[in-house]
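# Tertiary structure, described
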Amino acid sequence: MSPEEMDALLLKAFLQAVKGLKEKELPVETSLFYAQYMRPARPKGSILDIKKSSHKKLATFLGFLCSEGIIRVASSKGQTKLTEVKRNHPLLKEFTPLPFEETAGGEKALEEEAAASAKTPAPIEIEERFRPHHSMYGTLFPDDRQAYYSAQECRTVLSEYIEKEGLVDPMKEGSIVLDPHLCDALFQGESHDGPLPTHLQRHEVVKRFAARLNAFFLMQGGSMKKGNIVPAKYVTGPGGQKTPMVPGVSIKTENRRGHNCTILRGLEILGVDPESFAEEMKVAFAASTSVESQTNSVGKKTFEVMMQGYWDKTLAQHLHQVYKLPKVCIEVHAKKGQSEKNPKSASNFAGADCCAGKKSDPAPSGLLK
C-alpha cells in the first residue's frame, strides 16, 4: 500500500471513528483515541499502519487534521488530548460511515455484547505499559511522546539498538559498549561520582534501562466499557529499588463527626460514575450513601463514595465479584474495632468472602524477564 493510500485509509478510519464519538467522551487522550476508536473503525480486513503513511506519526496526522479545521487538540503535563470535533466540517458532513458490521471492530463488539448478556463479565485484565525516559526519544525510541510500549517492545528496542550500533564488546564476554546515546539513556540527569562508565555488563544495561522507563497500566475488561491507562504507583524496596505497583481502589473505615462510615476512593480507574455506584450500593444494601468531590495535589478532581456504617468487606467483595476487579487492586484499611465481622449479601449477586486485609504485593514488572 502506498503512503497516499494509507493516508486515505487513516482519514477514513478517523471520520468513521468520530461519527460514533459522543461529546461527553471528550476530551480523550490521542493515543487512546487512535487505539480504541480509530483502529476498530477501519474497514474490516484492512491494516492501519501510521508509519506507512506520509504522516509517519500520530501527532503529525492530528496536526494535519487541526490545520484542516476538523479537530482541536490540547497538550498539558505531557499528555495530548483530542478536545473538540468540528461536526459541521464539510468532510464530516459529507462522509457516509460504513455499516458497523463492516468495520474491524464490528465482529469483536458483537462478541463482547454476547459476553455481557451472559451475566458473567470477564475479569479485568491488567497489562503493564511503558513510556521512555525523555533522554531515549529520537535515539532508542521514535520521537512520539504519546506512545505506550509493552515490556516485550521495550526489550526489543534495546536489543535492536545494541545490535544495530555494534555495541557488543567482542573482547569481553557479556559486555556492552556505551555509546553517547546509550550512555545518555542510562545516566542522563543522574548524579554520578567520577566519569561515566564506557562499558557495562548486558544485565546491568537491561536493569538500568528498565529502571528509567515510566510505568503505566492498561486496565480493560470486567464491567469497563473501554480500556483505561493509568500511571503506576511506585513502592521502594530493599536497596532503594522502585517497583511499579498496580493502581487500585482504597476502602477505609473511620469516624466522621461522631458517625461510623466507610470511604471508597479510586473508582476513576474503573471508569465508573461515583453517583451511579453510590445509588447502586444504596439500592442493593439499603445503605445510606453520599458522594463528595475533592481536588488532589495536581489539580485533578477526584471523588469519594461515603457509606454510613462499616462496609469494608462488603465493598471489597462487591468490587471483586460484580466489577471483576482483581484482589491486588483492592486496598482495605480498617482499624481494630472498625471493621465488618462478615460481608453482607444482596439480592443481585451471590456473597462470598474476599479481599480481607491488606493489598497484595505489587505484581513484578515483566521487563526484566
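Right above here is the structure, for reference.
Not measured: the values here are computed from a predicted model.

Further remarks concern the side chain of Q146. When you line up the elements, Q146 lands in the loop between β4 (125-131) and α6 (151-164). Engagement of the side chain of Q146 in a polar contact is seen with the side chain of T80, the distance being 3.1 Å. Setting aside chain neighbours within four positions, we find Q146 in contact with E29, T30, S31, G78, Q79, T80 and R131.

Moving on, we come to helix α9 (residues 274-285). A rise of 1.5 Å per residue sets the reference length of α9, with its twelve residues, at 16 Å; its end C-alpha atoms lie 16 Å apart and thus fit the reference within 8%. Buried within α9 we find P274, F277, A278, M281, A284 and F285. An end-on view of α9 places all buried positions within 135° of arc, on one side of the element. Away from the buried face of α9 by more than 90 degrees, exposed residues E275 and V283 are located.

On to the sheet that holds strand β1 (residues 28-29), then. Taken together, three strands build an open sheet; the order of strands is β1-β3-β2 and the sheet is antiparallel. A single partner strand is all that each edge strand has here, and the edge strands are β1 and β2 (71-76). Of the strand pairs in this sheet, β2 and strand β3 (residues 79-85) are connected by six bridges, and their pairing is antiparallel. Directly across from A74, in β3, lies its bridge partner K81.

Spatially, the three strands line up as an open sheet ordered β4-β7-β8, and their pairing is antiparallel. In this open sheet, the two edge strands, each paired with only one partner strand, are β4 and β8 (228-231). Between one strand axis and the next, the sheet turns by 30° as a mean value, whatever way the strands run. Relative to strand β7 (residues 214-220), β4 runs antiparallel, the two being bridged by seven bridges. In the sheet register, R131 faces β7, and the bridge partner there is N214.

Calculation rules
- Residues numbered from 1 in each chain as written.
- Predicted model: local features only at pLDDT ≥ 70, side-chain atom pairs only at ≥ 80, totals over all residues.
- Heavy atoms only, no water.
- Helix = DSSP H or I, 4+ residues; strand = E, 2+ residues; numbered from the N terminus.
- Polar contact = N/O pair within 3.5 Å; in protein donor to acceptor, adjacent residues only side chain to side chain.
- Contact = heavy atoms within 4.5 Å.
- Expected span 1.5 Å × (residues − 1).
- Buried < 20%, exposed > 50% of the residue type's maximum accessible area, 1.4 Å probe, protein only.
- Arc of directions from axis to C-beta.
- Pairing = 2+ DSSP bridges.
- Axes fitted to C-alpha atoms, helices over the stretch in contact; angles between N-to-C directions.

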